[in-house]
Amino acid sequence: MIFDTHAHYDDERFDPDRFEVLAALPGAGIGHIVMPSTGPDNLETVLSYADQIDFLSAGAGFHPHSAKKVASGDLDKLSEFLGNAQENKIVAIGECGLDYHYGQEDKAEQKELFDVQLSLAGQMGLPLLVHDREAHSDCLDMLRAHKGLKGVFHCYSGSAEMVREIVDMGFYISFTGPVTFKTAHKLRLAAAAVPDEFLMIETDAPYLAPEPMRGKRCDSRMLVHILRVLAEVRGTDYDMLEKLTWNNAMKFFGIKNNGE
């Protein structure tokens, strides 16, 4: 079975056929999916889909791009949902983090929002889905300031050297479609450097479709291409890697007796 640890099936690109796509996934070997919220506007939608579909679990949190629009009432609502995490099928906080790709004009707001969610993770005992885009140093510094947290760097884009820093903190690393791109030499070196027990996979659907599907709308069935490349760069067997990443994700999210 394959575990997609991060996919956005609430995205408008799935509006024409969302439930048809989801219905087809178990037959393609997809055993479980975590679907994170990104802001106050889609939090309840994500929880609704998780409630409707057995093999979906939710991440509840606010993406750094939502930093300027999150109000105190939104944080209160997030905290309320997290307080009933099991009932709401919430298995992680996020996605949350820092994103400086488009500039740093909202850097203070992003860090404040991330800090609140780091505190919630400590209070609730839930792992984090960390979004880190061109903000590596600040992300690591903030995580180090909150001792004892557990999380995964989703859609990893860093170096092999940074891999060692992350796993030394006990955090997992998850790879998406770009690891399959022909020019992704540094990312493949990073993928080879992750210890077995800290490796996970995801699509970030509908984004980042892997080779040879690049440019198309991504969905969880494309994880087979990511697994093939990871097996190649890590010098291991595809089936063993599929089982490894499944078991890692089940352990990380605390999901039991699902699909096996």
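Residues numbered from 1 in each chain as written. Predicted model: local features only at pLDDT ≥ 70, side-chain atom pairs only at ≥ 80, totals over all residues. Heavy atoms only, no water.

Draft legend 1. Looking closely at helix H2 (residues 43–52). Listed in full, the buried residues belonging to H2 are Leu43, Val46, Leu47, Tyr49 and Ala50. Considered in projection along H2, the buried side chains sweep an arc of 160° and stay on one side of the axis. (Buried < 20%, exposed > 50% of the residue type's maximum accessible area, 1.4 Å probe, protein only. Helix = DSSP H or I, 4+ residues; strand = E, 2+ residues; numbered from the N terminus. Arc of directions from axis to C-beta.)

Draft legend 2. Region of the structure containing the sheet that holds strand E1 (residues 2–4). Strand order in the open sheet made by the eight strands is E1-E2-E3-E4-E5-E6-E7-E8, with parallel pairing throughout. With partners counted over all chains shown, the strands left at the sheet margins are E1 and strand E8 (199–201), one partner each. Going across the sheet, the axis of each strand differs from the next one's by a mean of 25°, ignoring polarity. Taken together, the three bridges between strand E7 (residues 172–175) and E8 define a ladder with parallel strand orientation. (Pairing = 2+ DSSP bridges. Axes fitted to C-alpha atoms, helices over the stretch in contact; angles between N-to-C directions.)

Draft legend 3. Highlighting empty space enclosed by the protein. Within the structure shown, the criterion is met by one cavity of 30 Å³ or more. Counted as a void, the largest cavity has a volume near 40 Å³. (1 Å grid on protein atoms, 1.4 Å probe; cavity = no way out; pocket = protein on both sides within 12 Å on 5 of 7 lines; lining within 4 Å. Points joined across faces, edges and corners; volume = space filled by probe spheres on them.)

Draft legend 4. Expanded view of the packing of aromatic side chains. Inspection of every chain in the model, using the stated rule, returns nine aromatic pairs. Centroid distance Phe153 to Phe171: 6.1 Å. Interplanar angle 70°. Geometry classified as edge-to-face. Of the two residues, Phe153 sits in strand E6 (residues 151–153) while Phe171 sits in the loop between helix H6 (160–168) and E7, which places them 18 residues apart along the sequence. Of the two residues, Phe153 and Phe171, both sit in the buried class. Look at Tyr156 and Phe175: their rings are 5.8 Å apart centre to centre, the planes differ by 75°, and that puts the pair in the edge-to-face class. Separated by 19 residues along the polypeptide, Tyr156 in the loop between E6 and H6 and Phe175 in strand E7 bring together distant segments of the chain. The same class applies to Tyr156 as to Phe175, namely buried. (Phe/Tyr/Trp six-rings, centres within 6.5 Å; stacked < 30°, edge-to-face > 60°.)

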